[in-house]
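For reference, the chains in residue letters:
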Amino acid sequence: MFKSKLPFLALLTLLTASAFSQTHLLTPDEFLPHKVGSQFTEHSQLVAYYQHVAANSDRVKVVEFGRTNELRTQILAIVSTPENIRRIEDIQLNNLRNAGIVPGTADNANPIAIVWLGFSVHGNEAAGSEASMPVLYDLVNLGNRETSEWLKNTVVLIEPSVNPDGYSRYTAWYRQASPALPDPNHDSREHDEPWPGGRVNHYLFDLNRDWAWGTQVESQNRLKVYNEWLPQVVADIHEQGYADSYYFPPAAQPYHQYLSKWQADFQVEIGRNHAKYFDKNGWLYFTKEVFDLLYPSYGDTYPCYNGAIGMTYEQGGIGAGRAVSLPNGDTLTLYDRVAHHKATALSTVEISSKNAGKLVQNFSDFFKRSNTNPPGEYKAFVVKSSNPTAKIKAFTEVLDRLGIRYGKVGKAATGLNGYDYSTGMAGKFAAGENDLVVSAYQPKGMFAQILLEPEAVVVDSNTYDITAWSLLHAHGLEAFATSQRIDPAGQGYDIAKQNDSKVAEQKNATPYAYLAPWNSMQGVRLLADLVKNGIVCRYAEKAFTLEGADWPAGTLVITKGDNRKHPDFDAQVKRAAEALFYPLTAVQTGFVDTGNDFGSDAVRLISPPKVLVLSGEKTWRNEFGQVWFYFDKDISYPATIVDAGELSGIKLKDFNTIVLPEGSFGFNDATLERLSDWVESGGKLIAIGEANTTLADKKGFNLAKFAKTADKDSAMTEADRQALDHRTALYKDRSRTSISDFNPGAIVRVKMDTSHPLAFGLRDYYFSLKTSSLRFDLLKDAWNVGYLEDNYLSKGFIGANVKRDLKNSTVFAVQRKGAGQVVYLVDNPLFRSFWEEGKLLFGNAVFLVN
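Presented here is an overview of the structure given in this document. Here the structure is a predicted model, which is why all the values come from computation and not from measurement. (Residues numbered from 1 in each chain as written. Predicted model: local features only at pLDDT ≥ 70, side-chain atom pairs only at ≥ 80, totals over all residues. Heavy atoms only, no water.)

**Observations concerning empty space enclosed by the protein**
Stage number 1. Evaluated as defined, the whole model comprises 2 cavities of 30 Å³ or more.
Stage number 2. Along its surface, the largest cavity is lined by Tyr421, Ser422, Leu472, His473, Gly476, Leu477, Arg763, Tyr765, Tyr766, Phe767 and Glu837.
Stage number 3. Per-element accounting of the lining of the largest cavity gives the leading share, 3 residues, to strand 31 (residues 765-770).
Stage number 4. Tallied by class, residues from the lining of the largest cavity come to 6 nonpolar, 3 polar and 2 charged.
Stage number 5. Within this model, the second largest cavity holds a volume of roughly 40 Å³. (1 Å grid on protein atoms, 1.4 Å probe; cavity = no way out; pocket = protein on both sides within 12 Å on 5 of 7 lines; lining within 4 Å. Points joined across faces, edges and corners; volume = space filled by probe spheres on them. Helix = DSSP H or I, 4+ residues; strand = E, 2+ residues; numbered from the N terminus. Nonpolar A, V, L, I, M, F, W, Y, C, P; charged D, E, K, R; others polar.)

Rendered as structure tokens:
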């Protein structure tokens, strides 16, 4: 049963008033120490203005719905007429009834449209947040008859700063770096923002790619409040390169095939309404280009897949500061950018108010269609109960954040046809009564299909982002998709605590060792916790049986003998496992039934990683952030971070593990020789993605683009042939001529050597998210732990030339080099931190490859 969260949010911050005359309501220019557009506003000042308006207007409630990593407030302003504000919880409840999220019949006699305006998800696209203040003022100003009329049937939700930490990083830097008078020369310092820039959040994640995955705290907080509202219209307000004009809908192709005709058509109506104001003022704009509606984790697509008209607005302005010279000889000012955003934001409210009835009706129809006639081929997704419990739990946590329902199968069924996520092939399967099922027949069933299906139909390959993302592949689950309807037997899935009862049963005995499975990220977290706290651990290099149980390679072996000097050994191990709800089995002997005894060299000692991570301008900020987040938040394990430019001054002997995040390091021969010598003496170098190009074809490193000269010559010949074939290509097709050499992001099936520690806990095939055309031949004198076969499977779009070239290429490899090792991760297993199975693979690289 629905229970409004507004009372709960009020305990955090709820600023409103019961009766106002607006006598003391100030404009932004009156309230701030500067005029809007003359300087960037600090985040605290931005929040203070919203609090001021809420304290002096009965049209506004301001709720604090979360805190960022740097503990800045995330606020949402709820704006409407005083009458609507007084019954805001009823409006909220009625809207959720329209979506079928809560039971009951919606009352749409006087439909209320809900509009969400999100400003500056990229913090250095700061004109959005600046514009949010005059937008708020115009909506609450009693003297504005137009907005007063719009609010009678519209609730406007304003998030003035979607990325407070990034916004603060940018505005603080700019206020420090800019002169008293803005310098429009684009070479001046105020237009050259230093690394990492304000685009990203604290951990350098792009929050505009995180809506569906919810890996970041800002996204998690937002998802809670967003799903309590489910607006009909969402505008995600950005900036683009300052030489560009202004983009607004309709969006470019591709659109996801499940979007409704209404969603596509109404984008056109909104665009026309915006154009009316831009035409009147002579402002330049463009539509139907660049920004598509496919990847499901954007600030426009996530709302689209949840029934809304989701849109991106892009004002030219990145790097513009307060004023910048344009190629046409004009000067773009911050005043201009604020005016343009204010116009589209208010136009959005206007067109929504004028079409409130249609918006509410089509919003309701969207969810009814999902609930009764979901469009996709697959109507149910079955996750086998035999999966590690920790993996199922991680998967259901994502579903819970998104409001997607699931439950037990209940009644077993055999002979089902479907797609097997373990193999990437079609086949028959059985659904057990304890298996988990996600049915497409639910209010958010269409969204579930979009996120779980093996592959989306891409109608236009010239797309803006990755083209495959199935969460079932991302989580490495044994699962099946079927066209047969399977309804769950009730809601929810009872995931029992994983702590093995054998620990409790033998609490009065002193165990010889504890065993823990190695098959999920929870295992990595357990190992990280134990190692960090001085517990000596081992892993089994080969499978073994003991006391009637089978244990696979990779099993953690934590012996009393290795830890006899640790005074709190048993309690420490048990506490760590209990905190993670992770299975732990106590055994009384190290004498195994089959395999290697625990004192064997084949039960390998794990050397505590002393990790050095390179950062700075030579790294890609998002990808460095993914590594930082992994150690800092995913596994809470210490890692020293240094700027790559300072590597020459670092004592490498203090570390045994160096991580090169994706980036362009351009190490000179002396630095490469130093790293090579460090590896020879026992170090482990882990290179991720593009960082591998720094090592490729270099002395001492076995990674090579071509293993044979003949292959290199053949590739050059093919490149020449293609260049000759394109001599008569049409200029108008220039944006598409390179698509054959382009990979925006697709899933590929990687053949794994599961006998190698880098692949422990994984299956024979690992489904990797390949986000570039980077490829290297199978390595010589190294272990090619993961590689693409000649007939490898792929999901999503890969350009024809790239797809051909990737055959028989290495994806994950390990080179033994003296006493140390080099780990080549050609595909980034930490991409955007949502590829859960990749995190396990990276954990292998950090802890088990030694």
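**Quick look at the nonpolar core**
Stage number 1. With 148 residues, the main nonpolar core has Phe631, Leu758, Phe834 and Phe842 as its most contacted residues.
Stage number 2. When near neighbours in sequence (up to four residues on either side) are disregarded, phenylalanine 834 contacts Trp213, Thr215, Ile466, Trp469, Leu471, Ala474, His475 and Leu769.
Stage number 3. Judged by nonpolar contacts, the second largest core, of 59 residues, contains Tyr50, Ala113, Val135 and Val140. (Core = buried A, V, L, I, M, F, W, Y, C linked by side-chain atoms within 4.5 Å. Buried < 20%, exposed > 50% of the residue type's maximum accessible area, 1.4 Å probe, protein only. Contact = heavy atoms within 4.5 Å.)

**Describing the packing of helix 20 (residues 621-634) against helix 25 (residues 836-848)**
Stage number 1. Contact geometry of helix 20 with helix 25 gives a least axis separation of 12 Å together with a crossing angle of 85 degrees. Between helix 20 and helix 25, the angle is such that the two are roughly perpendicular. Of the residues in helix 25, those in contact with Tyr630, Phe631 and Asp634 of helix 20 are Lys839, Phe842, Gly843 and Val846.
Stage number 2. In terms of residue class, the contact of helix 20 with helix 25 is made up of 4 nonpolar, 1 polar and 2 charged. (Axes fitted to C-alpha atoms, helices over the stretch in contact; angles between N-to-C directions. Parallel < 35°, antiparallel > 145°, perpendicular 65-115°, else oblique.)

**Quick look at the sheet that holds strand 18 (residues 479-482)**
Stage number 1. The 6 strands are arranged 14-17-13-18-15-16 in an open sheet whose pairing can be described as antiparallel. At either end of the open sheet lies a strand with only one pairing partner, and these are strand 14 (407-408) and strand 16 (425-431).
Stage number 2. Sheet analysis places strand 14 next to strand 17 (residues 436-439), joined by 2 bridges and oriented antiparallel. Counted as the bridge partner of glycine 407 is valine 437 from strand 17.
Stage number 3. Contacting strand 13 (380-383) and strand 17, helix 14 (residues 389-402) crosses the sheet at an angle of about 25 degrees to strand 17. (Pairing = 2+ DSSP bridges.)

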